[in-house]
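Residues per chain, in single letters:
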Amino acid sequence: MALIGNLRHRPVRRLVQLYAGLTLYGISMALMVRSDLGLDPWDVFHQGLSELTELSIGTVTIGVGALVLLLWIPLRQRPGLGTISNVVVIGLVVDATLALLPAGGPLGVRIALLITGIVANGAATGLYLGARLGPGPRDGLMTGFVARRPGRSIRLVRTVIEVFVLALGWLLGGTVGLGTVAYALAIGPLAQLFIPLFAVPEPHTAAPEPHTAAPEPHAATPEPRATPPEPHTTTPDPAGTAPAPGAVAPVTPAG
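Residues numbered from 1 in each chain as written. Predicted model: local features only at pLDDT ≥ 70, side-chain atom pairs only at ≥ 80, totals over all residues. Heavy atoms only, no water.

Brief notes about unusual backbone geometry
Reasoning step 1: Backbone geometry at D36 places phi at a positive 55 degrees, although glycine is not the residue there.
Reasoning step 2: Examined against the element boundaries, D36 turns out to sit in the loop between α1 (11-35) and α2 (41-53). (Helix = DSSP H or I, 4+ residues; strand = E, 2+ residues; numbered from the N terminus.)

Topic: a nonpolar patch on the surface
Reasoning step 1: On the surface, a cluster of nonpolar side chains totalling about 330 Å² of accessible area is made up of L107, I111, I115 and V119.
Reasoning step 2: Here L107 lies in helix α6 (residues 107-130). (Patch = residues over 30% accessible without salt bridge, like charges linked within 9 Å, V, L, I, M, F, W, Y side chains within 5 Å. Areas by Shrake-Rupley, 256 points an atom, 1.4 Å probe, with all protein chains shown as cover. Salt bridge = Lys/Arg side-chain N within 4 Å of Asp/Glu carboxyl O.)

With respect to the layout of surface pockets
Reasoning step 1: Volume-wise, the largest pocket comes out at about 1,200 Å³.
Reasoning step 2: Residue lining of the largest pocket: 41 residues in total, with D139, M142, R158, E162 and I187 positioned closest to the centre.
Reasoning step 3: For the lining of the largest pocket, the elements supplying multiple residues, two or more each, are α1, α2, α5 (81-100), α6, α7 (137-148), α8 (154-172) and α9 (178-198).
Reasoning step 4: At nine residues, the largest contribution of residues to the lining of the largest pocket is made by α9.
Reasoning step 5: In terms of residue class, the lining of the largest pocket is made up of 21 nonpolar, twelve polar and eight charged.
Reasoning step 6: Taken as a whole, the second largest pocket spans an internal volume of roughly 210 Å³.
Reasoning step 7: W42, F45, L49, V64, L67, V68, L71, L141, I161, F164 and V165 are the residues that line the second largest pocket.
Reasoning step 8: Only α2, α3 (57-70) and α8 provide two or more residues apiece to the lining of the second largest pocket.
Reasoning step 9: Here the residues of the lining of the second largest pocket sort into eleven nonpolar, no polar and no charged. (1 Å grid on protein atoms, 1.4 Å probe; cavity = no way out; pocket = protein on both sides within 12 Å on 5 of 7 lines; lining within 4 Å. Points joined across faces, edges and corners; volume = space filled by probe spheres on them. Nonpolar A, V, L, I, M, F, W, Y, C, P; charged D, E, K, R; others polar.)

What to know about the packing of aromatic side chains
Reasoning step 1: Using the criterion set out here, one finds three aromatic pairs in the structure.
Reasoning step 2: Here Y25 and Y128 contribute two aromatic rings whose centre-to-centre distance is 6.2 Å and whose plane-to-plane angle is 75 degrees, an arrangement assigned as edge-to-face. Of the two residues, Y25 sits in helix α1 while Y128 sits in helix α6, which places them 103 residues apart along the sequence.
Reasoning step 3: Using a relative accessible area of 15% as the deciding quantity, one classes Y25 as buried.
Reasoning step 4: A cation sits over an aromatic face here: R138 above W42, 5.5 Å from the ring centre. (Phe/Tyr/Trp six-rings, centres within 6.5 Å; stacked < 30°, edge-to-face > 60°. Buried < 20%, exposed > 50% of the residue type's maximum accessible area, 1.4 Å probe, protein only. Lys NZ or Arg CZ within 6 Å of the ring centre and 35° of its normal.)

Focus on the pattern of salt bridges
Reasoning step 1: Enumeration according to the criterion identifies two salt bridges in this entry.
Reasoning step 2: Among the ionic pairs, D139 bridges to R158, the shortest N-O distance being 3.9 Å. Remark: R158 occurs in helix α8 and D139 occurs in helix α7; sequence separation between them is 19 residues.
Reasoning step 3: The partly exposed category is assigned to D139, whose relative accessible area is 21%.
Reasoning step 4: The class for R158 is partly exposed, based on a relative accessible area of 38%.
Reasoning step 5: Salt bridges linked by common partners bring D139, R158 and E162 together as one network.

Section: the packing of α1 against α5
Reasoning step 1: In the contact formed by α1 and α5, the axes pass within 8 Å of each other and the chain directions differ by 40 degrees. By the angle between their axes, α1 is oblique relative to α5. In this structure, α1 crosses over α5, and the sense of that crossing is right-handed. Every residue of α5 that contacts α1 at L15, L18, Y19, L22, T23, Y25, G26, I27, M29, A30, V33 and R34 is listed here: L81, G82, S85, N86, V89, I90, V93, V94, T97 and L98. (Axes fitted to C-alpha atoms, helices over the stretch in contact; angles between N-to-C directions. Parallel < 35°, antiparallel > 145°, perpendicular 65-115°, else oblique. Left-handed = near helix turned anticlockwise from the far one by under 90°. Contact = heavy atoms within 4.5 Å.)

Describing the side chain of H46
Reasoning step 1: As for its position among the elements, H46 is in helix α2.
Reasoning step 2: When its relative accessible area of 1% is taken as the criterion, H46 is described as buried.
Reasoning step 3: At 3.2 Å, the side chain of H46 forms a polar contact with the side chain of R138.
Reasoning step 4: Apart from residues lying up to four places away in sequence, H46 is in contact with I57, V60, T61, V64 and R138. (Polar contact = N/O pair within 3.5 Å; in protein donor to acceptor, adjacent residues only side chain to side chain.)

Shown next, in the form of structure tokens:
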């Protein structure tokens, strides 16, 4: 699959923004995990698989992202640098952050971790999507499915997929709780706020000059004005053959 997106336009800003967003996304995941008050649907699934396989949640996140990316092939979706980076960077960062953050703590601290994690997740989404270097594998799965089934609503497709992974993750032992509901209610408005804020503007293309047709040669010079008729002067007819005023002149047959 060929990569989408290019780095000809503002490469430094877009790369910095992409990796800052992915790093912040991994941190936000770790904050929500440590709050132990509920996760977003995909992370409930990741946590449930982690409990089942005894792998770290970051490792599971990378593995699931890679498998979801394979589903892009029949959907004819093309990944970007941001898509590939999403698979790897988030999983590494979430494991590193969890190693630094202690588990447990008072309820007030855990609520603060949850709120900070949700807001940071919205900002991270705006950062990495605003870099325009490709969506995450899970988002691309939804948009790709809708592209192949134009009659389906992307909201409906997203809801069905996330309800499915949420239920499966909960059955596997993932944490569902207040944080899950709070995330579902807050992430839409947060994304709507942060995506336009961090969106890298499209490159400006020079507008083509308007085509002006050359004037027609005959239009270059104005038409001559009609000259007023000369005053009528009566020339005396020496032969006296001119008809009198009001009389009809005789018609001479031609030939």
